[in-house]
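# Breakdown of the fold
If you want the building blocks of each chain, they are given just below.
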Amino acid sequence: MKQTAILLIGFLALFASCNKQTKTETAQHEILTENLQDYLKYVNPFIGTGGHGHTYPGATAPFGMVQVSPDTRLEGWDGCSAYHYSDSLLYGFSHTHLSGTGVSDYGDILLMPTVGTVTLNNGADGKLGYRSAFSHDTETAKAGFYSVDLTSYNIHAKLTASKRVAYHQYTFPKSKDANIIIDLLHRDKVLEASLKVVSDTEIEGYRISDAWAKEQHVYFVAQFSKPFKQFGLALDDLIKIGAKELKGTNVKGYVKFDADTNEVIMVKVAISAVSIEGARKNLEEESPKDWNLEKIVEVMEDNVGNWQQQLNKIQIEGGTEDQKTIFYTALYHTMLAPNLYTDTNGKYRGMDNQIHTAKGFDRYTVFSLWDTYRAANPLYTLIEPKRTNDFIRTFLSQYREGGIMPIWELASNYTGCMIGYHAIPVIADAYRKGIRDYDVELAFEAMKHSAEQNHLGLDAYKTLGYIPSESESESVSKTLEYAYDDWCIAQMAKDLGKTEDYEYFLKRSQSYKNIFDPSTQFMRAKLNHTWWQPFDPAEVNFNYTEANAWQYSYYVPQDIAGFIQLLGGKSVLEARLDALFGAESATSGREQADITGLIGQYAHGNEPSHHIAYLYNYVGKPWKTQEKVRQIMEEMYHNAPDGLSGNEDCGQMSAWYVLSAMGFYPVTPAQNVYAIGSPLFDKVMLNLEDGKQFVIEAKNNSRQNKYIQRATFNDQIFTASFLRHEDIMRGGVLVFEMGDQPNEKWGSGNRDIPSSAITEHLIVPVPFVAKGDRTFMETTTVELGTVLGDDAIYYTLDGSQPSMESPVYQTSIQLTETTTLTAFAAKKNGKKSQTIQAKFFKIPENRKIELFTEYAPQYSGGGDLALIDFIRAPADFRTGSWQGYEGVDMEAVIDLGKSQEVHQLTLGCLRDQNSWIFLPTSVTFWTSDNGKDFEEVKTIKTAAIPVEMLEGSEVKDYVCEVNKSARYVKVVAKNRGDVPYWHKGVGGKCWVFVDEVVIE
């Protein structure tokens, strides 16, 4: 491929008025050799912009600070990237975008060219406003380039970007009113914004906004290629005549030109999270100081060269045109985030909202770690080791500035999103692969610090060895993810010679055993140390994170051998994997938009399933892995806007494809082992950063020939169904011979199976309550059990700490009074589990409750007795302790068993308006002696709905004094009915959540 053809793809067309093709002689271009292939033609940025992929089609540099892209949506789940392929109206072009997330943010500093009378109304009120119609027929997107016709104005727009600067080219029709609007109100809630006209060719300003990132700073400088003849600045949509600078929360502006037919007007926009001065410095360093077209083309060629070099890090041969497009678009998507966050002078805004200087590294932002630690970050260790060092140095600076490493960081904000502490596996994986250009001791300190917090269920996790459902939502997933992260800490501790830390965290990493239910063989939630009931493994509830029991029960990457032992052998895991992929593809319970891409109950559209197909390797059946990964690649990825089966998630969805298409996958990051799948292409050349090359050849490869028959590595017979990281990094040639029938012998020998096993410092799993009502009327029968079945259980019934001298559980225990049972499991050698404490409450005096409206099954609060069980729910509806009523009133009658003096009545209600849970409009109490004739005691009305109170939750008690004799108490909580017009859930029904009816 000729250099000129490579370098000028898309970008000479960007500047139509420049007909001279320029070949620059920069260091970047010298890297381009005759071996560099043109893979830009295989990048289709529209993949993922439809369906639920949530990607954007606009222009950016690899891992760049600027993402200049069209905005077609202001909000909504499918508007997370501000663009959706199904839309037909375009608001304009903003400079920051998220790739494939599940929450909206960004879309900062919107520019929109128009013709005619200026309007600053964006059209969100139903009018056209300044929006324009557009058609995909005139829309083009490539790596680093985007163009579209704005048909409402007969304007042709083209966009490209360097790392920190966006370049706009607008070709106008002949007009005296050629406008470019600047809208700082666009999308997120604005805390403060400013526009200032510096000259007739320059405008500067900033925007501080509140969305997913609670305080995001974006400063900008915009320079125009032609002096504008007129400008206007507006505050609250009112143009302030003569104003050259305005500040507020609703600031917009425009500039106006005289345009000849097909006249090109260009805009350069540089951004910074630090200051306007930082943005101006970025502009000066990254773009020509004038509008010489040849110089601008040189800058843009650098971006083309950057993308071409990035894509050539993995070279492929063979495959169909669609497969090549899917592959290189996936590789492209893995390079859209994280995003550069330092200015050219090294300054950045830290987690403490102060300005710092990065010394010797680039600071990044947008870390979707719950997603990316699984495949995207391990991919970076292969093709981006230097950048991986910078990612880790970013984590450590975030730790120094904010006090803890983030879970999901965005624009130097802790978002509080997702679970685990997954900066840890990123660090451990890199460290164990020899990527260590950072303060290792500080890294280990930060890892331990994250794991020793007492929030998000960690207090219970450390004390009990797992998280009970009543103490924290998503308890199963959090227990499993924490356990894996702790294993990563243990591995790094072992490498660093920290033996006490190694033992401590290795024991914690076995916590998965404490939520394994041997009777169902699923990972299950526990309430009062009793398995959550009723149980349906396909049910989506708040015990799992964006998944159900089918999808999370195989998440033990750190100890697959131990998991197999719990199940009862390799054949059992194989059968259960077969059952997973063969199950009915339907979920029950609550709606969860992230559970998509189903093959049976395998959900490729979300990350907890991503390693599962490779588990067949661990039971000696790699041919089943080969079959499943080919099926997933074929069915879940397409060369189309809806070509992703779920959110792109900042590169993770694409990283799975990139690695799997090459033929291997990191089931256990930080182990330095990759399970082998089925290579999709005839040849893959992995060009490593140090100049070495690792090659994978698949001979006789085709859609039908997906099974490995035999293999050689560097001309030696190769029978292992796994690769080691050091083998890849040394370089070499791995050759597979493929066939259309499974070779069930290849990769199935004991030495050929990948191993993931914890063999030291083994724990004794905690006992569980197999049977027993948490609340009961007269008596309840309690039965205890152990995960392994042969451990002894020592217990007490008075709440005291049991010992090896305490009674040993033999048969069921009859309880007739409120009781606190405390127990641990132990082996014959005296090795003990952690201690559990289960409380059983006797409801006094034959108290009963009759419910006259039905609660939602997934919000049962524990059953019919939940409102009189003497257990108050916490302020988190996801723990399962609340009873929820959707669109209906809650009405109940409590029978006290006999007439007695009632002094006070209380009903506890929950407000969590962001989750559609509203306080009732009123709560009314009645009393009766016969259960038929009720006398109203009091109606307590709720104040007007607090519109702004969408964040957070509160428990509100409705209390009334009674001071009379009664046997029956009736309580009614009136549901508001329809969700109010101002709420994002308008059109749905309000929920009322209640617990408990307190009778004194």
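Residues numbered from 1 in each chain as written. Predicted model: local features only at pLDDT ≥ 70, side-chain atom pairs only at ≥ 80, totals over all residues. Heavy atoms only, no water.

## What about the overall build of the protein?
Going by this rule: The numbering of helices and of strands both runs from the N terminus, where a helix is a DSSP run of H or I of at least 4 residues and a strand a run of E of at least 2. For the radius of gyration, the atoms used are the C-alpha atoms, and the globule rule reads 2.2 Å times the number of residues raised to 0.38. In this scheme, a residue with accessible area under 20% of its type's maximum is buried, one over 50% is exposed, and one in between is partly exposed, where area comes from a 1.4 Å probe on protein chains only. In this analysis, two residues are considered to be in contact whenever any of their non-hydrogen atoms come within 4.5 Å of each other. In this tally, Asp and Glu contribute negative charge and Lys and Arg positive charge; neither His nor the terminal groups of the chain are included. To locate a charge, take NZ of a lysine, CZ of an arginine, CG of an aspartate or CD of a glutamate.
What the protein contains, in helices and strands, is 20 helices and 57 strands. Against the globule reference of 30 Å for 1000 residues, the protein gives a C-alpha radius of gyration of 31 Å, in line with a compact fold. Summarising its shape, the C-alpha atoms of the protein cover approximately 95 × 75 × 50 Å along the three principal directions. Per-residue burial for the protein yields a buried fraction of 63% across its 1000 residues. Across the protein, every contact between residues at least 6 apart in sequence was considered, and the portion connecting residues at least 24 apart equals 70%. For the protein, the separation between the mean place of its 96 positive charges and that of its 128 negative charges on side chains is 2 Å.

## Focus: the packing of aromatic side chains
For the record, the criterion: A pair of aromatic rings is counted whenever rings of Phe, Tyr or Trp (Trp by its six-membered ring) have centres within 6.5 Å, and the orientation is called stacked for planes under 30 degrees apart, edge-to-face for over 60 and tilted otherwise. For a Lys NZ or an Arg CZ to count as sitting over a ring, it must be within 6 Å of the ring centre and within 35 degrees of the ring normal.
Applying the stated criterion to the full structure yields 51 aromatic pairs. Measuring from centroid to centroid gives 6.5 Å for Tyr170 and Phe172, while their planes differ by 80 degrees, and the two rings are edge-to-face. The exposure class of Tyr170 is buried, given its relative accessible area of 0%. With relative accessibility at 0%, the residue Phe172 sits in the buried group. Each ring, one from Phe327 and one from Phe681, has its centre 5.4 Å from the other, and the planes form 80 degrees; the classification is edge-to-face. Residue Phe327 is located in helix H6 (residues 321-333), and its partner Phe681 is located in the loop between strand S37 (673-676) and strand S38 (683-687); the two are separated by 354 residues in the primary sequence. Of the two residues, Phe327 and Phe681, neither departs from the other in class, the shared state being buried. Members of the aromatic cluster, connected to one another through ring pairs, are Phe63, Tyr364, Phe367, Tyr380, Phe391 and Phe395. Over the face of the ring belonging to Phe522 we find Arg576, whose NZ or CZ atom lies 4.5 Å from the ring centre. Over the face of the ring belonging to Phe934 we find Lys970, whose NZ or CZ atom lies 5.0 Å from the ring centre.

## With respect to the pairing of strand S46 (residues 780-785)
The cut-off we apply is this: DSSP-based pairing: two strands are paired if at least 2 bridges between them are found.
Pairing between strand S44 (residues 768-771) and S46: three bridges, direction antiparallel. The partner of Lys771 across the bridge, within S46, is Glu783. One ladder, built from three bridges, connects S46 with strand S48 (residues 813-815); its direction is antiparallel. Within S48, the position partnered with Thr780 by the bridge is Leu815.

## Quick look at helix H9 (residues 385-402)
Test applied: Take the number of residues in a helix, subtract one, and multiply by 1.5 Å to get its expected span.
Along its 18 residues, H9 runs 25 Å from first to last C-alpha, staying within 8% of the 26 Å computed at 1.5 Å per residue. In terms of burial, H9 is largely enclosed, as 14 of its 18 residues are buried. Where H9 ends, the next residue or the one after it, Gly403, has phi of about 95 degrees, a positive value.

## Regarding the sheet that holds strand S13 (residues 202-210)
Where we set the bar: Each axis is a line fitted through C-alpha atoms, and for a helix only the stretch in contact is used; angles between axes span 0 to 180 degrees, taken between their N-to-C directions.
Overall, antiparallel pairing links the nine strands, which are arranged S7-S8-S9-S10-S19-S14-S13-S12-S17 in an open sheet. On the outer flanks of this sheet lie strand S7 (140-142) and strand S17 (245-248), each paired with one strand and no other. Each strand axis lies, on average, 15 degrees off the axis of its neighbour in the sheet, ignoring direction.

## Topic: the packing of H6 against helix H19 (residues 652-662)
Two quantities define a packed helix pair, namely the angle between the helix axes and the distance between the axes. Operational definition: Each angle receives one of four descriptions, namely roughly parallel if under 35 degrees, roughly antiparallel if over 145, roughly perpendicular if within 65 to 115, and oblique otherwise. In this scheme the handedness of a crossing depends on how the near helix is turned from the far one: anticlockwise by less than a right angle means left-handed, clockwise means right-handed. Side-chain classes follow a simple rule in which Ala, Val, Leu, Ile, Met, Phe, Trp, Tyr, Cys and Pro form the nonpolar group, Asp, Glu, Lys and Arg form the charged group, and the remainder, Gly included, forms the polar group.
As a packed pair, H6 and H19 sit with axes 8 Å apart at the nearest point and diverge in direction by 130 degrees. Between H6 and H19, the angle is such that the two are oblique. The handedness of the crossing between H6 and H19 comes out as left-handed. Mapping the contact onto sequence places Gln323, Ile326, Phe327, Ala330, Leu331 and His333 in H6 and Ser654, Tyr657, Val658, Ala661 and Met662 in H19. Per-class residue counts for the contact of H6 with H19 are eight nonpolar, three polar and no charged.

## Remarks on the pattern of salt bridges
So the rule is basically this: What counts as a salt bridge is simple: a side-chain nitrogen of Lys or Arg found within 4 Å of a carboxyl oxygen of Asp or Glu.
Taken as a whole and judged by the stated rule, the model has 44 salt bridges. Here Arg387 and Glu384 are joined by a salt bridge, their closest N and O atoms 2.7 Å apart. Of the two residues examined, Arg387 and Glu384, each falls in the buried class. Several salt bridges converge on common partners, so that one network encompasses Glu452, Lys462, Asp486 and Arg508.

## Side note on the side chain of Asn339
Note the cut-off: For this analysis, a polar contact is any N or O atom pair within 3.5 Å, provided that within protein one partner can donate a hydrogen and the other can accept it, and provided that sequence-adjacent residues contribute only side-chain to side-chain pairs.
By secondary structure assignment, the location of Asn339 is in strand S21 (residues 339-340). On the basis of relative accessibility, which here comes to 3%, the residue Asn339 falls in the buried class. Among the polar contacts made by the side chain of Asn339, one reaches the main-chain carbonyl oxygen of Gly64 at a distance of 3.1 Å. Those residues in contact with Asn339 that lie beyond four places of it in its chain are Phe63, Gly64, Gln67, Arg363, Tyr364, Thr365 and Val366.

## Looking at the side chain of Arg164
Along the chain, Arg164 turns up in the loop between strand S9 (155-161) and strand S10 (165-172). At 2.9 Å, the side chain of Arg164 and the backbone oxygen of Thr342 are in polar contact. Residues within four places of Arg164 in sequence aside, it is in contact with Met65, Val66, Val269, Ala270, Ile271, Asn282, Glu286, Leu340, Thr342, Asp343 and Thr344.

## Focus: empty space enclosed by the protein
For clarity, the threshold we go by: The definitions used throughout rest on a 1 Å grid laid over the protein atoms alone, on which a cavity is an enclosed set of points accommodating a 1.4 Å probe that cannot get out and a pocket is an open set flanked by protein within 12 Å on both sides along at least five of seven lines; lining residues are those having an atom within 4 Å of a point. Grid points are joined across faces, edges and corners, and a volume is the space filled by probe spheres set on the points.
Tallying each qualifying case throughout the model produces nine cavities of 30 Å³ or more. Looking at the largest cavity, it is lined by 14 residues, and the ones nearest its centre are Met65, Thr96, Tyr106, Ile271 and Tyr341. Elements with a contribution of two residues or more to the lining of the largest cavity: strand S14 (216-224), strand S19 (263-272) and S21. It is S14 that provides the largest number of residues to the lining of the largest cavity, a total of three residues.

## Describing unusual backbone geometry
In the segment running from Ala337 into Pro338, the intervening peptide bond is cis, with an omega of 0 degrees. You can see Pro338 is positioned in the loop between H6 and S21. In this structure, the amide linkage connecting Asp995 to the following residue, Glu996, adopts the cis form with an omega of 20 degrees. Tracing the backbone through its elements, the reader meets Glu996 in strand S57 (residues 991-999). One non-glycine residue, Leu456, lies in the positive phi region at around 55 degrees. Looking at the element boundaries, Leu456 is found in the loop between helix H11 (440-451) and helix H12 (458-464).

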